[in-house]
Amino acid sequence: MRTSRPGPKPRCKRCRAPAVVQLHSHHTAFCRDCFLFYFQRQVQRAIDSEHMFTREEPVLVAVSGGKDSLALWDVLQLLGYRTTGLYLNLGIGEYSTLSRAKVEAFARERNLPLLQVDFAAEGHAIPDVVALTRRPACSACGTAKRHHFDRVALEHGFPVVATGHNLDDEAARLLGNVLRWDMNYLARQSPVLMPSHEKFARKVKPLFRLSEYETAAYAFLRKIDYVVDECPNAAGASQLLYKDVLQRLEAEMPGTKQSFVLEFYRRARRLLFQEALGAPTTCSRCGLPSHRPICRFCSLLDEVTSKRTSAPPTSHTSPV
Amino acid sequence: MRIVFLPSRKELELRGSYRVADLLRELKLLPGTVLVIRNNEMLTTEDLVDDTDTVEIRNVISGGAA
């Protein structure tokens, strides 16, 4: 049976009280209150340094019910921004039922406005789309999400959409793009994606300076009730493999993820800026901007509709 | 001690007392990838856990499209 002795209790960097959050990448630790102050300051710094939005602009916050998006909505509200949540019900069985309940409870408790889109009611629940089109789930899901983010922002007059992408998400995306030297994606990877058309909203990632551990610690310490479960479709996603590799590097060389991402934005991004793809035209179906006559989302819907009508009468879509 | 892993909800019984850092090493988990929680409080790597404790180890790494 093992017996070990406790090490020296880490002290808060700011007030010297006993720490509860250790940030190995910063070689530092914080007590609860000082960590919450640090977290808010990192978000404010991200917003200001990248000119994401002002306090006069209404911000549409894409919330999934997970820790990152709810932590984002919480901190933006504390910092005094005008926020409205947007929840996309992907129709993924119990996972979506649970995440919707968490989002609704979060908004109700804080008296925050919440908009919702129900994929099943719109005829494209993700399990059905995947079953009918054989598209990878995350790809179909990403296409549908981006469409609805833009559509709802346009219809409700939001100039900016904020998403909960954190430092680990950006590092994993960057690693994938570098491994493939995908210049197009590299040139477009940024904490702020400026609209290439007047109908598009500005897309911003206020958590890009904060790791997944920090957003989880923030959500826990703020007692945010979020969905701990993984999306059933996430298993095997390449992003998880990239994150695993980056975590191992981080364990050996603390600070690696932050320098990888922040130095890319500071030094390399400018060199890679390419000519825009040319201003998009308009999708003949939904009227949103698109670089094709029919946008990716409407093409996906066409495929779902045609497969659905041509499917044998007895066929049914198995729930996840 | 009783260890509960989230989100898998798997459980493990372990005897003895451990520094959290040693416990994570034993479980082959990296410190930046999990929250270690006891009695609704976050623990640091230097805290001690023993047979009387129930410890939640909550994964923080999420995947798929955000």
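As a reminder, the structure under discussion sits directly above these lines.
A short tour of the structure in this document, coming up. (Residues numbered from 1 in each chain as written. Chains lettered and ligands numbered in written order. Predicted model: local features only at pLDDT ≥ 70, side-chain atom pairs only at ≥ 80, totals over all residues. Heavy atoms only, no water.)

1. Examining the overall build of chain B
Next up, step 1: Along its length, chain B carries one helix and seven strands.
Next up, step 2: Order of helices (α) and strands (β) in chain B, N terminus to C terminus: β-β-β-α-β-β-β-β.
Next up, step 3: Here chain B has a C-alpha radius of gyration of 12 Å; the compact-globule value for 66 residues is 11 Å, and the two agree.
Next up, step 4: When the backbone C-alpha atoms are referred to their principal axes, chain B occupies close to 40 × 20 × 20 Å.
Next up, step 5: Relative to its full complement of 66 residues, chain B shows a buried share of 56%.
Next up, step 6: Considering only contacts in chain B between residues 6 or more positions apart, those separated by 24 or more positions represent 55%.
Next up, step 7: Of note, chain B has its 9 positive side-chain charges centred 6 Å away from the centre of its 11 negative side-chain charges. (Helix = DSSP H or I, 4+ residues; strand = E, 2+ residues; numbered from the N terminus. Rg over C-alpha atoms; globule rule 2.2 N^0.38 Å. Buried < 20%, exposed > 50% of the residue type's maximum accessible area, 1.4 Å probe, protein only. Contact = heavy atoms within 4.5 Å. Lys, Arg positive; Asp, Glu negative; His and termini not counted. Charge placed at Lys NZ, Arg CZ, Asp CG, Glu CD.)

2. Looking at the packing of aromatic side chains
All names here are of chain A.
Next up, step 1: By the definition in use, this model includes eight aromatic pairs over all chains.
Next up, step 2: Measuring from centroid to centroid gives 4.1 Å for Phe-39 and Tyr-218, while their planes differ by 20 degrees, and the two rings are stacked. Residue Phe-39 is located in helix α1 (residues 32–49), and its partner Tyr-218 is located in helix α8 (residues 212–221); the two are separated by 179 residues in the primary sequence.
Next up, step 3: Given the relative accessible area of 0%, Tyr-218 is considered buried.
Next up, step 4: Pairing Phe-264 with Tyr-265 gives two aromatic rings, centres 5.7 Å apart and planes at 55 degrees, and the pair type is tilted.
Next up, step 5: An aromatic cluster is present here, built from Phe-30, Phe-35, Tyr-38, Phe-39 and Tyr-218 joined pairwise through their rings.
Next up, step 6: Above the ring of Phe-37, the side-chain terminus of Arg-14 is found at 3.9 Å from the ring centroid.
Next up, step 7: Between the NZ or CZ atom of Lys-203 and the centre of the ring of Phe-200, over which it lies, the distance is 5.5 Å. (Phe/Tyr/Trp six-rings, centres within 6.5 Å; stacked < 30°, edge-to-face > 60°. Lys NZ or Arg CZ within 6 Å of the ring centre and 35° of its normal.)

3. Here we look at a positive patch on the surface
Next up, step 1: Together, A:Lys13, A:Arg14, A:Arg41 and A:Arg45 make up a positively charged patch on the protein surface.
Next up, step 2: Mapped onto the elements of the fold, A:Arg41 is located in helix α1. (Patch = residues over 30% accessible without salt bridge, like charges linked within 9 Å, V, L, I, M, F, W, Y side chains within 5 Å. Areas by Shrake-Rupley, 256 points an atom, 1.4 Å probe, with all protein chains shown as cover. Salt bridge = Lys/Arg side-chain N within 4 Å of Asp/Glu carboxyl O.)

4. A short note on the sheet that holds strand β7 (residues 160–162) of chain A
All names here are of chain A.
Next up, step 1: Spatial strand order, β6-β5-β4-β7-β9-β8: six strands in an open sheet with mixed pairing. What marks the edges here is a single partner per strand, and that holds for β6 (114–118) and β8 (192–193).
Next up, step 2: Here five bridges tie strand β5 (residues 82–89) to β6, and the two strands are oriented parallel to one another. From the neighbouring strand, Leu-88 faces β6, where its bridge partner is Val-117.
Next up, step 3: Against the sheet, helix α3 (residues 93–110) makes contact with β4 (58–63), β5 and β6, and its axis sits at roughly 165 degrees relative to β5, the strand it touches most.
Next up, step 4: Where helix α5 (residues 137–156) meets the sheet, it contacts β4, β5, β6, β7 and β9 (202–204), and its direction lies at approximately 140 degrees from that of β5. (Pairing = 2+ DSSP bridges. Axes fitted to C-alpha atoms, helices over the stretch in contact; angles between N-to-C directions.)

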